[in-house]
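What the coordinates show
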Amino acid sequence: MSVNKTILIKGGRVIDPENNLDDCQDILVKDGKISKISRDIKCEADKVIEAKGKIILPGLVDMHVHLREPGREDKETVNSGTRAALKGGITTLLAMPNTTPAMDSEENIELLQKIIKNTALNNVLVCAAITRGRKGEELTEVAKFKKHAVVAISDDGASIDNQDLMFKALVKAREQKMLLISHCEDKSLSNNGVVNLGLTSTRLGLRGIARESEYKRVERDVRLAEKARARLHIAHVSCRESVEIISEAKKRKVKVTCETAPHYFSLSQEDLSGYDTNLKMN
């Protein structure tokens, strides 16, 4: 950006939800900032980008990212993860707490914040753990996390089986004006399965996972969030029943949102017929 003082982006489809804009327009950037958005801008520019047939969006936010640092740098780092995010147009992301050690203490969060400050290439927000070690047994000191710029709590990758503990966590999240992100899975129902329970799992001879393991836990957590008057976000929704429960809750003004993931709408159980383990995803 410092090399090209003026950049003119021509003819792209500009989508800006905040200003209710969805139209093919030009964008003029001066000294790193957008100075004009209009049709057919006429001016000299250091660089012209032809964007016809392309979509131009504000920076995207990915609120479920596994940066793995500290502890599992063999998988990912803050630097490598944010570099990849920028390539995809993601300018802000939320780092999940499933690090080693987990983000379950002030000390661990301070360490991560230092790594972010020194190596991140975009905006990185921090999600802390709900329970110590993400074990679902003892609540973390959520109130102390606020001063470390923590915006959400989650036991990402693990669901809290104890209903009373989950309710207390939701209340604490509400008190601290934080979002609670729920990994909705009742492991007593998923039973170490590896594929959706149905004809495909039977035909392939693989242990199936009943949809109830997801949507029954979604149902419980939505009910608890409604009772606690807390904000709840359901991670990686994958079945119709979950969507229906969340949709009905929204109609009742429950503060619930959700997310899905690309493999849920780009692949199905039929794609597993070749036993390709590259398609395996929890």
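A short tour of the structure in this document, coming up. (Residues numbered from 1 in each chain as written. Predicted model: local features only at pLDDT ≥ 70, side-chain atom pairs only at ≥ 80, totals over all residues. Heavy atoms only, no water.)

What follows deals with the pattern of salt bridges. Counted according to the given criterion, the structure contains 17 salt bridges. Here D221 ties to R220 by a salt bridge, and the two come within 2.8 Å at their closest N and O atoms. Because the salt bridges share partners, they merge into one network encompassing K10, D26, D40 and K42. (Salt bridge = Lys/Arg side-chain N within 4 Å of Asp/Glu carboxyl O.)

Here the focus is the nonpolar core. Counting 47 residues, the largest nonpolar core has I153, L170, L180, V222, L232, I234 and V256 as its most contacted members. If we ignore the near neighbours within four places in the chain, the residues touching I234 are S182, C184, V218, I246, V256, T257, C258 and E259. (Core = buried A, V, L, I, M, F, W, Y, C linked by side-chain atoms within 4.5 Å. Buried < 20%, exposed > 50% of the residue type's maximum accessible area, 1.4 Å probe, protein only. Contact = heavy atoms within 4.5 Å.)

We now examine unusual backbone geometry. In this structure, the amide linkage connecting E69 to the following residue, P70, adopts the cis form with an omega of 10°. Relative to the helices and strands, P70 is located in the loop between β6 (60-65) and α1 (78-87). Going from T100 to P101, the amide bond is cis rather than trans, its omega being 5°. As for its placement among the helices and strands, P101 is situated in the loop between β7 (90-95) and α2 (106-119). With a phi angle near 55°, N20 is a residue other than glycine that sits in the positive phi range. Locating N20 in the fold gives a position in the loop between β1 (6-16) and β2 (21-30). Overall, the relative accessible area of 74% leaves N20 in the exposed class. Positive phi values are uncommon outside glycine, yet Y275 reaches one of about 55°. Position of Y275 relative to the elements: it lies in the segment after α9 (262-266). (Helix = DSSP H or I, 4+ residues; strand = E, 2+ residues; numbered from the N terminus.)

By the secondary structure assignment, D16 is in strand β1. Buried within the structure, D16 lacks any salt-bridge partner; its nearest side chain of opposite charge belongs to R13, at an N-O separation of 13 Å. Separated by 2.6 Å, the side chains of D16 and N19 make a polar contact. Leaving out residues up to four positions away in the same chain, D16 has contacts with L21 and P58. (Lys, Arg positive; Asp, Glu negative; His and termini not counted. Polar contact = N/O pair within 3.5 Å; in protein donor to acceptor, adjacent residues only side chain to side chain.)

Enumeration over the complete set of coordinates arrives at zero aromatic pairs. Lying over the aromatic face of F167, K227 brings its terminal NZ or CZ to 4.9 Å of the ring centre. (Phe/Tyr/Trp six-rings, centres within 6.5 Å; stacked < 30°, edge-to-face > 60°. Lys NZ or Arg CZ within 6 Å of the ring centre and 35° of its normal.)

Further remarks concern the sheet that holds strand β13 (residues 232-234). In space, the seven strands of this open sheet follow the order β6-β7-β8-β9-β10-β13-β14, with parallel pairing throughout. The open sheet is flanked by β6 and β14 (256-258), the only strands paired with a single partner. On average, adjacent strands in this sheet sit at an angle of 30° to one another, irrespective of strand direction. Of the pairings in the sheet, the one linking β13 to β14 comprises three bridges and is parallel in character. Note that in β14 the partner of L232 across the bridge is V256. The strands touched by helix α7 (residues 212-228) within the sheet are β10 (179-182), β13 and β14, with β13 carrying the most contacts at an inclination of about 170°. (Pairing = 2+ DSSP bridges. Axes fitted to C-alpha atoms, helices over the stretch in contact; angles between N-to-C directions.)

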